[in-house]
Amino acid sequence: MANDNTNVSIMRSGLGRARGLGAAKAGYHHWWAQRVTAVALVPLTIWFIFSLIGLLGASHAAVVTWMASPINLVLMLALIVAMFHHMELGLQVVIEDYVRAEKCRLATLLAMKAVVWLLGLSAAVAALKMGLGG
Amino acid sequence: MRDVREALMVARNSDGKPVRRPVSPHLDVYQWSLSMALSILHRASGIALAAGSLVLVWWLVAAARGAAPYAIVQGFLGSIFGWIVLFGWTVALWFHFCSGIRHLVWDAGKGFEKAEYTQSGWIVVIATGVLSVLTLILAVAVR
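Residues numbered from 1 in each chain as written. Chains lettered and ligands numbered in written order. Predicted model: local features only at pLDDT ≥ 70, side-chain atom pairs only at ≥ 80, totals over all residues. Heavy atoms only, no water.

Focus on the overall build of chain B
Consideration 1: Across its full length, chain B carries four helices and two strands.
Consideration 2: Helices (α) and strands (β) of chain B occur, in sequence order from the N terminus, as β-β-α-α-α-α.
Consideration 3: Projected onto its principal axes, the C-alpha positions of chain B cover 65 × 40 × 35 Å.
Consideration 4: Taking all 143 residues of chain B together, the buried fraction comes to 29%.
Consideration 5: For chain B, restricting intrachain contacts to residue pairs at least 6 apart in sequence, the fraction spanning at least 24 positions comes to 47%.
Consideration 6: Summing over all exposed atoms, chain B offers an accessible surface of approximately 9200 Å²; the carbon and sulfur share of this is 68%.
Consideration 7: Counting 12 positive and 7 negative side-chain charges, chain B places the centres of these two groups 10 Å from one another. (Helix = DSSP H or I, 4+ residues; strand = E, 2+ residues; numbered from the N terminus. Buried < 20%, exposed > 50% of the residue type's maximum accessible area, 1.4 Å probe, protein only. Contact = heavy atoms within 4.5 Å. Areas by Shrake-Rupley, 256 points an atom, 1.4 Å probe, with all protein chains shown as cover. Lys, Arg positive; Asp, Glu negative; His and termini not counted. Charge placed at Lys NZ, Arg CZ, Asp CG, Glu CD.)

As for the interface of chain A and chain B
Consideration 1: In this assembly, 38 residues from chain A lie in contact with 31 residues from chain B.
Consideration 2: Here chain A meets chain B over a buried area of about 2900 Å², counting both sides, of which 80% is carbon and sulfur.
Consideration 3: Where chain A meets chain B, there are two salt bridges.
Consideration 4: Here B:Asp107 and A:Arg35 are joined by a salt bridge, their closest N and O atoms 2.8 Å apart.
Consideration 5: Viewed at the interface, chain B and chain A are joined by six residue pairs in polar contact (both at pLDDT 80 or more).
Consideration 6: Those elements that provide at least two residues to the side of chain A that touches chain B are helix H2 (29-54), helix H3 (60-68), helix H4 (70-98) and helix H5 (102-131) of chain A.
Consideration 7: Per element, the largest residue contribution to the side of chain A that touches chain B is 12 residues, and it comes from H2(A).
Consideration 8: Tallied by class, residues from the side of chain A that touches chain B come to 28 nonpolar, six polar and four charged. (Buried area = accessible area lost by both parts, 1.4 Å probe. Salt bridge = Lys/Arg side-chain N within 4 Å of Asp/Glu carboxyl O. Polar contact = N/O pair within 3.5 Å; in protein donor to acceptor, adjacent residues only side chain to side chain. Nonpolar A, V, L, I, M, F, W, Y, C, P; charged D, E, K, R; others polar.)

What to know about the nonpolar core
Consideration 1: Core analysis: the largest hydrophobic core is formed by 40 residues, its most contacted members being A:Val63, A:Met67, A:Met76, A:Ile80, A:Phe84, B:Trp59 and B:Leu60.
Consideration 2: Elements that contribute at least two residues to this core include exactly H2, H3, H4 and H5 of chain A together with helix H1 (34-65) and helix H2 (67-78) of chain B.
Consideration 3: Per-element accounting of this core gives the leading share, 10 residues, to H4(A).
Consideration 4: In contact with A:Met76, not counting residues within four places along its chain, are A:Trp47, A:Phe48, A:Trp66, A:Met67, A:Ala127, B:Leu56 and B:Leu60. (Core = buried A, V, L, I, M, F, W, Y, C linked by side-chain atoms within 4.5 Å.)

Focus on a nonpolar patch on the surface
Consideration 1: On the surface, B:Trp122, B:Val125, B:Ile126, B:Val130, B:Val133, B:Leu134 and B:Ile137 cluster together into a nonpolar patch covering about 650 Å² of accessible area.
Consideration 2: Tracing the backbone shows B:Val125 in helix H4 (residues 114-142). (Patch = residues over 30% accessible without salt bridge, like charges linked within 9 Å, V, L, I, M, F, W, Y side chains within 5 Å.)

Here we look at the pattern of salt bridges
Residue and element names in this part refer to chain A.
Consideration 1: All chains considered together, the criterion is met by three salt bridges over all chains.
Consideration 2: A salt bridge links Lys113 to Glu88; its shortest N-O distance comes to 3.0 Å. You can see Lys113 sitting in helix H5 and its partner Glu88 sitting in helix H4, a full 25 residues away along the chain.

Side note on the environment of A:Leu121
Residues and elements named next belong to chain A.
Consideration 1: Relative to the elements of secondary structure, Leu121 occurs in helix H5.
Consideration 2: Since its relative accessible area comes to 46%, Leu121 is described here as partly exposed.
Consideration 3: Separated by 11 residues in the primary sequence, Leu121 and Leu132 place their C-alpha atoms 16 Å from one another.

Some words on the packing of H3(A) against H5(A)
All names here are of chain A.
Consideration 1: Where H3 contacts H5, the two axes come as close as 7 Å, and the packing angle between them is 95°. One finds that H3 runs roughly perpendicular with respect to H5. Taking contact as the criterion, the partners of Val63, Val64, Met67 and Ala68 in H3 are, on H5, Ala127, Met130 and Gly131. (Axes fitted to C-alpha atoms, helices over the stretch in contact; angles between N-to-C directions. Parallel < 35°, antiparallel > 145°, perpendicular 65-115°, else oblique.)

Section: the side chain of B:Ser53
Consideration 1: Checked against the element boundaries, B:Ser53 lands in helix H1.
Consideration 2: Of the residues examined, B:Ser53 reaches a relative accessible area of 3% and is grouped as buried.
Consideration 3: Contact partners of B:Ser53, with chain neighbours within four places excluded, come to A:Met83, A:Phe84, A:Met87 and A:Leu119.

Re helix H3 (residues 80-107) of chain B
Consideration 1: Helix length check: H3(B), at 28 residues, gives a terminal C-alpha distance of 40 Å against a target of 40 Å (1.5 Å per residue), a fit within 8%.
Consideration 2: Looking at the buried side of H3(B), the elements it contacts are H2 and H4 of chain A together with H1, H2 and H4 of chain B.
Consideration 3: Positive phi appears at B:Gly109, one or two residues downstream of H3(B), with a value of about 85°. (Expected span 1.5 Å × (residues − 1).)

Right, dumping it as structure tokens:
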């Protein structure tokens, strides 16, 4: 029996054998984070649409008062975090699919992440400034 | 005529040697189906919503800066063009919302039979239409 195994090749790298560890189980983090933010965005989107309808044509003072409600401020911040993170993950997949050249792909990814983060931070700071009466 | 599947991609194997690999045919060889259209629209609406987030940031930042910048945003959003942009954004949002829930159901391992995903696809289309029109009606009613 033992001799029959000579043709079996082990599908594992030398480094993997030396370390004796399995997969880090972190490979699905991107996929999982996109689902977590998607689930969070289901109720947040419904709240946001209803809030916007209520704020149609509202005066500046009315918007500031609305944002000063702690519930609205917290939900707005939650929406901003979930939305921009979801957007970052989604746009990353799109760029990875369509931009082939490695340097160009890296540059596009970094530029996209910079823009998304700056937009998200701008939205959060604006919401906090109004909500905390700055 | 060459088989479209022979369109070759040059890649490298694990030893670093250049190899030619077959590439799966591109979109234009397939007959259009509902599933295909919805899959493309899911991505397209996601990209559109990313662009639409600029309006949200503009609105929030202007409101935080004061009444004068806020009035400019409201002037734009209250115009006919503004309503068209907002309605387009609403349709994209409801579509991505419904289609996203369909994806979450698939992630749970359900709905992969042909009859099931055709049915859920039409539900997404109808729900998007109904929710978008309801949102528009509500918006006009409270305006």
